[in-house]
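Residues per chain are reported as follows:
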Amino acid sequence: MNTFERIKDLCTKQQISISELERKLNFGNGIIRRWSTSAPNSDKLERVANYFNVSTDYLLGRTDNPFMNDGQEDTLAAHAADRNHKFTKEEIEDIKNYIDFIISKNNK
């Protein structure tokens, strides 16, 4: 998945169009669509990442983990480990869905 496809997917999850995202971020029309064939500049990419609360590495396809690396994941893992719990695949999926819900709620 390229940068444009990842942003398009995030827009779909947030129920926002690419055009609406461009307006909210004060980008010119079609800027984000051009990223399907060319690399974005770092300033604009960072603004998109901040809007969706994801890392620029995720948008660039360097990782499949959308979360910003601020230690939150380590804290969650440590929290579970303190309780002698290892998350199942189903629990991880539930956590991801809940995080998506919280992000969606906060971006409205």
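See the structure printed just above.
Treat the numbers as computed from the prediction; the structure is a model and nothing was measured. (Residues numbered from 1 in each chain as written. Predicted model: local features only at pLDDT ≥ 70, side-chain atom pairs only at ≥ 80, totals over all residues. Heavy atoms only, no water.)

*Asks:* When you look at helix H4 (residues 42-52) in this model, what are you seeing that I'm missing?
*Replies:* Since the α-helix turns once every 3.6 residues, residues separated by three or four places project in the same direction. Within H4, burial applies to Leu45, Val48, Ala49, Tyr51 and Phe52. The buried side chains of H4 occupy one side of the element, clustering within an arc of 160 degrees when seen end-on. Contacts from the buried residues of H4 go to helix H1 (3-14), helix H2 (18-24), helix H3 (31-34), helix H5 (56-59) and helix H7 (89-106). Between a side-chain oxygen at the N-terminus of H4 and the backbone nitrogen of Asp43 the separation is 3.1 Å; the capping residue is Asn41. Of the residues one or two after H4, Asn53 is the one with positive phi, at around 60 degrees. (Buried < 20%, exposed > 50% of the residue type's maximum accessible area, 1.4 Å probe, protein only. Helix = DSSP H or I, 4+ residues; strand = E, 2+ residues; numbered from the N terminus. Arc of directions from axis to C-beta. Contact = heavy atoms within 4.5 Å. Polar contact = N/O pair within 3.5 Å; in protein donor to acceptor, adjacent residues only side chain to side chain.)

*Asks:* Would you take a moment to explain the pattern of salt bridges for this structure?
*Replies:* A side chain with one charge can pair with a side chain of the opposite charge if their charged atoms come near. The tally for this structure, following the rule as stated, stands at five salt bridges. Between Arg6 and Asp64 there is a salt bridge, and its shortest N-O distance comes to 2.9 Å. Placement of the pair is Arg6 in helix H1 and Asp64 in the loop between H5 and helix H6 (72-82), with a sequence separation of 58 residues. For Arg6, a relative accessible area of 6% translates into the label buried. Taking the relative accessible area as the measure of exposure, Asp64 reaches 65% and is therefore exposed. Across the pair Asp43 and Arg47 runs a salt bridge whose closest N-O atoms are separated by 3.7 Å. Of this pair, Asp43 and Arg47 both sit in helix H4, four residues apart, which is roughly one turn of that helix. When its relative accessible area of 29% is taken as the criterion, Arg47 is described as partly exposed. (Salt bridge = Lys/Arg side-chain N within 4 Å of Asp/Glu carboxyl O.)

*Asks:* It is not clear to me how a negative patch on the surface should be interpreted in this structure. Could you clarify?
*Replies:* On the surface, Glu90, Glu93, Asp94 and Asp100 cluster together into a negatively charged patch. Mapped onto the elements of the fold, Asp94 is located in helix H7. A relative accessible area of 51% means that Asp94 is categorised as exposed. (Patch = residues over 30% accessible without salt bridge, like charges linked within 9 Å, V, L, I, M, F, W, Y side chains within 5 Å. Areas by Shrake-Rupley, 256 points an atom, 1.4 Å probe, with all protein chains shown as cover. Lys, Arg positive; Asp, Glu negative; His and termini not counted. Charge placed at Lys NZ, Arg CZ, Asp CG, Glu CD.)

*Asks:* When you look at the packing of H1 against H4 in this model, what are you seeing that I'm missing?
*Replies:* Geometrically, a packed helix pair is captured by the angle between its two axes and the distance between the axes. Relative orientation of the contacting elements H1 and H4 amounts to 30 degrees, with a least axis distance of 11 Å. Here H1 lies roughly parallel to H4, going by the angle between them. In the packing of H1 onto H4, the handedness of the crossing is left-handed. Together, Thr3, Ile7, Leu10, Cys11 and Gln14 of H1 and Leu45, Val48 and Phe52 of H4 make up the contact between the two elements. (Axes fitted to C-alpha atoms, helices over the stretch in contact; angles between N-to-C directions. Parallel < 35°, antiparallel > 145°, perpendicular 65-115°, else oblique. Left-handed = near helix turned anticlockwise from the far one by under 90°.)

*Asks:* It is not clear to me how a nonpolar patch on the surface should be interpreted in this structure. Could you clarify?
*Replies:* A cluster of nonpolar residues, Phe87, Ile92 and Ile95, forms a patch on the protein surface that exposes about 210 Å² of accessible area. We classify Ile95 as partly exposed; its relative accessible area is 31%.

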